[in-house]
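Read off the chains here:
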Amino acid sequence: MVIILRTGSTTKHAVDLISDLLQQGKLKEIIGIPTSKQTHQQASTLGISLSDLDSHPTLDLAINGAEKVDPHLNLVKECGRSPLREKMIVGAAKKSGLVKMVCGNVEILGENGVAIWLF
């Protein structure tokens, strides 16, 4: 399975979990496409196999981090580190999954400034 390893504090936890599951043998044959140098370094250090879009132009799964979620399940990422690269890579994914911090529930999206929409 080829997955996008996105950027940010929320997704960092998903990358840690993927590594744990690979080490336990519960996941096999995972190839990650990192969206930033930071995520590349983390995944590489944790032993996750990495590649790029040139080698894998069609991806199976994008793991998204959302800092804010409203009661209608609309999601935003307020200050992503690599938003352009992430948008380009996520377009190649067949499916998308979500990792959300518990403190990210809000009544109104964007109430703390400008938001970049994920979905």
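Residues numbered from 1 in each chain as written. Predicted model: local features only at pLDDT ≥ 70, side-chain atom pairs only at ≥ 80, totals over all residues. Heavy atoms only, no water.

Asks: Describe the overall build of the protein chain, listing the residues and the values that go with them.
Replies: Helix and strand counts for the protein chain stand at 3 helices and 8 strands. Helices and strands appear in the protein chain in the N-to-C order β-α-β-α-β-β-β-β-α-β-β. Each of the 119 residues in the protein chain was classed as buried or not, and the buried ones make up 36%. A sequence separation of at least 24 residues applies to 78% of the contacts in the protein chain between residues at least 6 apart. Entry remark: accessible area of the protein chain is about 7100 Å², with carbon and sulfur atoms responsible for 57%. (Helix = DSSP H or I, 4+ residues; strand = E, 2+ residues; numbered from the N terminus. Buried < 20%, exposed > 50% of the residue type's maximum accessible area, 1.4 Å probe, protein only. Contact = heavy atoms within 4.5 Å. Areas by Shrake-Rupley, 256 points an atom, 1.4 Å probe, with all protein chains shown as cover.)

Asks: For the packing of helix 1 (residues 9–23) against helix 2 (residues 37–45), give the residues involved together with the corresponding values.
Replies: Describing two packed helices takes the angle between their axes plus the distance from one axis to the other. Relative orientation of the contacting elements helix 1 and helix 2 amounts to 20°, with a least axis distance of 10 Å. Here helix 1 is positioned roughly parallel relative to helix 2, judged by the angle of their axes. Helix 2 is crossed by helix 1, and the crossing has right-handed handedness. Across the interface between the two elements, Lys 12, Val 15 and Asp 16 from helix 1 touch Thr 39, Gln 42 and Ala 43 from helix 2. (Axes fitted to C-alpha atoms, helices over the stretch in contact; angles between N-to-C directions. Parallel < 35°, antiparallel > 145°, perpendicular 65-115°, else oblique. Left-handed = near helix turned anticlockwise from the far one by under 90°.)

Asks: For helix 2, give the residues involved together with the corresponding values.
Replies: For helix 2, every residue scored as buried is listed here: Thr 39, Gln 42 and Ala 43. An end-on view of helix 2 places all buried positions within 95° of arc, on one side of the element. Away from its buried face, by an angle of more than 90 degrees, helix 2 presents the exposed residues Lys 37, Gln 41 and Thr 45. Residues of helix 2 that are buried sit in contact with strand 1 (2–5), helix 1, strand 2 (31–34) and strand 3 (49–50). Gly 47 sits one or two residues past helix 2 and shows a positive phi near 85°. (Arc of directions from axis to C-beta.)

Asks: So what's going on with the side chain of Ser 19? Residues and values would help.
Replies: As for its position among the elements, Ser 19 is in helix 1. Overall, Ser 19 belongs to the buried group, its relative accessible area being 2%. In terms of polar contacts, Ser 19 uses its side chain to reach the backbone carbonyl oxygen of Leu 46, at 3.2 Å. The residues touching Ser 19, leaving out its near neighbours within four places in the chain, are Leu 46 and Ile 48. (Polar contact = N/O pair within 3.5 Å; in protein donor to acceptor, adjacent residues only side chain to side chain.)

Asks: Please set out the nonpolar core residue by residue, giving values where relevant.
Replies: Core analysis: the biggest nonpolar cluster contains 9 residues, these being Ile 3, Leu 5, Ala 14, Val 15, Ile 18, Ile 30, Ala 43, Ile 48 and Ile 63. Elements that contribute at least two residues to this core include exactly strand 1 and helix 1. Membership of the second largest hydrophobic core comes to 5 residues, among which are Val 2, Ile 33, Leu 59 and Ala 62. (Core = buried A, V, L, I, M, F, W, Y, C linked by side-chain atoms within 4.5 Å.)

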